Amino acid sequence: MLPEFDFGPLWLSLRLAAVTTLLLLVVASPVAWWLARTRSPMRAAVEAVVAMPLVLPPTVLGFYLLLLLGPQGPLGALTGSTLTFTFSGLVIASILYSLPFVVQPLHNAFEAIGRKPLETAWCLRASPLDAFLTVAIPQAARGYLTAAVLGFTHTLGEFGVVLMVGGNIPGQTRVISIAIYDQVETLDYTSAHLMSGLLLGFSFVVLLAVYILNRRSPAHRS
Amino acid sequence: MSRLLARFDLARPEFRLQAQLDLPAQGVTAVFGRSGSGKTTLLRCLAGLERSPAGFMSMGGTVWQDEEQGAFIPVYRRALGMVFQEPHLFSHLSVHANLHYGLKRTPQHERYISTEQVIDILGISHLMDRRPHQLSLGEQQRIAIGRALLASPRLLLMDEPLASLDRPRKQEILPFIQRLCVELKIPVVYVSHSIQEILQLADTLVLMNEGASIAAGPIQEIFSRLDLPHYLGDMAGSVVDTRVAGHEPEYGLTRLEFHGSQLYVPLQPLNIGQPLRVHILARNVSLAAAPLSEPISVLNVIEARVTEIGSALEDRHSVDIRLDAGCPLLASITRKSLAMLGLVPGQRVYAYIKAVSLSQEWG
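Residues numbered from 1 in each chain as written. Chains lettered and ligands numbered in written order. Predicted model: local features only at pLDDT ≥ 70, side-chain atom pairs only at ≥ 80, totals over all residues.

1. Section: the overall build of chain A
In step 1: On a plain count of helices and strands, chain A comes out with 11 helices and 0 strands.
In step 2: Reading chain A from its N end, one meets helices and strands in the order α-α-α-α-α-α-α-α-α-α-α.
In step 3: Dimensions along the principal axes, computed over C-alpha positions, put chain A at roughly 65 × 45 × 25 Å.
In step 4: Within chain A, the proportion of its 222 residues that are buried is 35%.
In step 5: Looking at chain A alone, contacts between residues at least 24 apart form 74% of all its contacts between residues at least 6 apart. (Helix = DSSP H or I, 4+ residues; strand = E, 2+ residues; numbered from the N terminus. Buried ≥ 20, exposed ≤ 12 C-beta atoms within 10 Å, placed from the backbone. Contact = placed C-beta atoms within 7 Å.)

Put into structure tokens, the structure is as follows:
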């Protein structure tokens, strides 16, 4: 291994993916719960909005985020400074970009639980919030695992949105995918090989672990 | 005596529930009707899982719903227990944690049922450390009943709790349900479409038909009403509470006594004086205007008086006769026999009972 190899981008990517995933699980839970339970006519519209990042070119998403987060944008104005080209800006962008990958597994998991376990909990004096926390979330554990892994790995692999919103500031916004792009541009194939190989191996091992785990816990199928 | 009062009117796309109940808030009240008659919806309204507009429900003086006053206590603030057809144990928790789920959420001063009592009544001490998926369906249902009881309910609602079990499992659980009613004195509303379960458990019966509660009262009265056999099918008959008067082991018979009359049934492993509820199907009762002078093979002959003669429909060959034998007794005879005997209300008759069904045999 080269002594001057820079692990900064890898470390930044992992940090970004971890923060994004944690926040996403919190944000996506109520959205997925609402989608699984509601009979509101708004449901289809909300589902469509959540799924948009799947079909939009990342540059389109990035473009709007640039306007939204910039000094003249509503969020920029709110915070009094710019969020573009900062780590916080990247987190916000990543949350939107990876939202469908977290909402959909949770949505499916909540739907699979059905009404009965929750009604059972209500009849045992658990309030709806209590029942959600102590019955719905634990029973959706496999959905949470899938959601967390997909959210994490998808954030790790993002490129277009990051480039638009974050730029390429070492230690701030220079994530692994940008670093690899740079290395290829400057014909530093050794570093590009190493980083790409790391990402490839990591993604495979994580996904493999998830599929094995999902197969092994039939006890959670109620 | 404290009562359970309820009034619901709930419109669903293909169905309308219209129920008005005034029941004793004690013992077991069975809600009986064909599938689709609204039994489960009625139970869900009682629980507060469905909210009927303009509904009313009070339990022993505590109002849980009074829409006129804008009052509706949500299900999780009601002291009630619910047992569904499927056990619905929480698969992520151990049996022990399942049992304690409701208990943990019950304020100290409201608790009146202890873990020890429930474990003892349901016979589940050996299951405590298992996971739900390691239990048989019958064991799971016992845990589900225990879990509901440990939340110290003032009313226990059971929605066909035995319907998903096979016959031996039903017989395994029925005695537990009987015990908890007697020992814990919890009023139970029990939905079922099985007459056998109802005969074994219920004191009071609510009859449902097409979303409406069409009759309610003590089970003995409802079963011997002449206007209802249509809803009971060929199970129409009388429910008679007897006591064991003696045994005749040489003939393999047990003698039962009720209101001065006696009945022979196959030998029962019961002590003298113990109560036994029997069901006498109307179609198993024949009538004679005078006692037969020659002995016949039918052992059970009861002297009774005709109280009411059902309307003889042209398209049916039989007609139901209501008798008074100290308690109501129903006989189903052909219209031709009715004409030949010339029965009129008040007349003395002899009822020949060809078969007696015992509640304990069923399940």
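2. Topic: the interface of chain B and chain A
Many descriptions give the size of an interface as the accessible area lost when the pieces come together.
In step 1: Counting residues at the interface gives 20 residues for chain B, matched by 17 residues for chain A.
In step 2: Of all the secondary structure elements, the ones that give two or more residues to the side of chain B that touches chain A are β7 (80–83) and α2 (95–104) of chain B.
In step 3: Take the side of chain B that touches chain A: its biggest share by element is 3 residues, from β7(B).
In step 4: By residue class, the composition of the side of chain B that touches chain A is 10 nonpolar, 7 polar and 3 charged. (Nonpolar A, V, L, I, M, F, W, Y, C, P; charged D, E, K, R; others polar.)

3. Details of the sheet that holds strand β19 (residues 328–334) of chain B
Residue and element names in this part refer to chain B.
In step 1: The strand order across the open sheet built from 5 strands is β16-β20-β17-β18-β19, with neighbouring strands paired in antiparallel fashion. What marks the edges here is a single partner per strand, and that holds for β16 (285–288) and β19. Averaged over all pairs of adjacent strands, the angle between their axes in this sheet comes to 50°, without regard to strand direction.
In step 2: Both strand β18 (residues 318–324) and β19 contribute to a ladder of 7 bridges, which runs antiparallel. Directly across from R322, in β19, lies its bridge partner L330. (Pairing = 2+ DSSP bridges. Axes fitted to C-alpha atoms, helices over the stretch in contact; angles between N-to-C directions.)

4. Focus on unusual backbone geometry
All names here are of chain B.
In step 1: Positive phi values are uncommon outside glycine, yet E160 reaches one of about 45°.
In step 2: When you line up the elements, E160 lands in the loop between β8 (155–159) and α5 (167–184).
In step 3: In this structure, K185 is a non-glycine residue whose phi angle is positive, near 55°.
In step 4: For K185, the location among the structural elements is in the loop between α5 and β9 (188–192).
In step 5: A count of 10 C-beta atoms within 10 Å places K185 in the exposed class.

No statement about biological role is implied by the geometric values presented.
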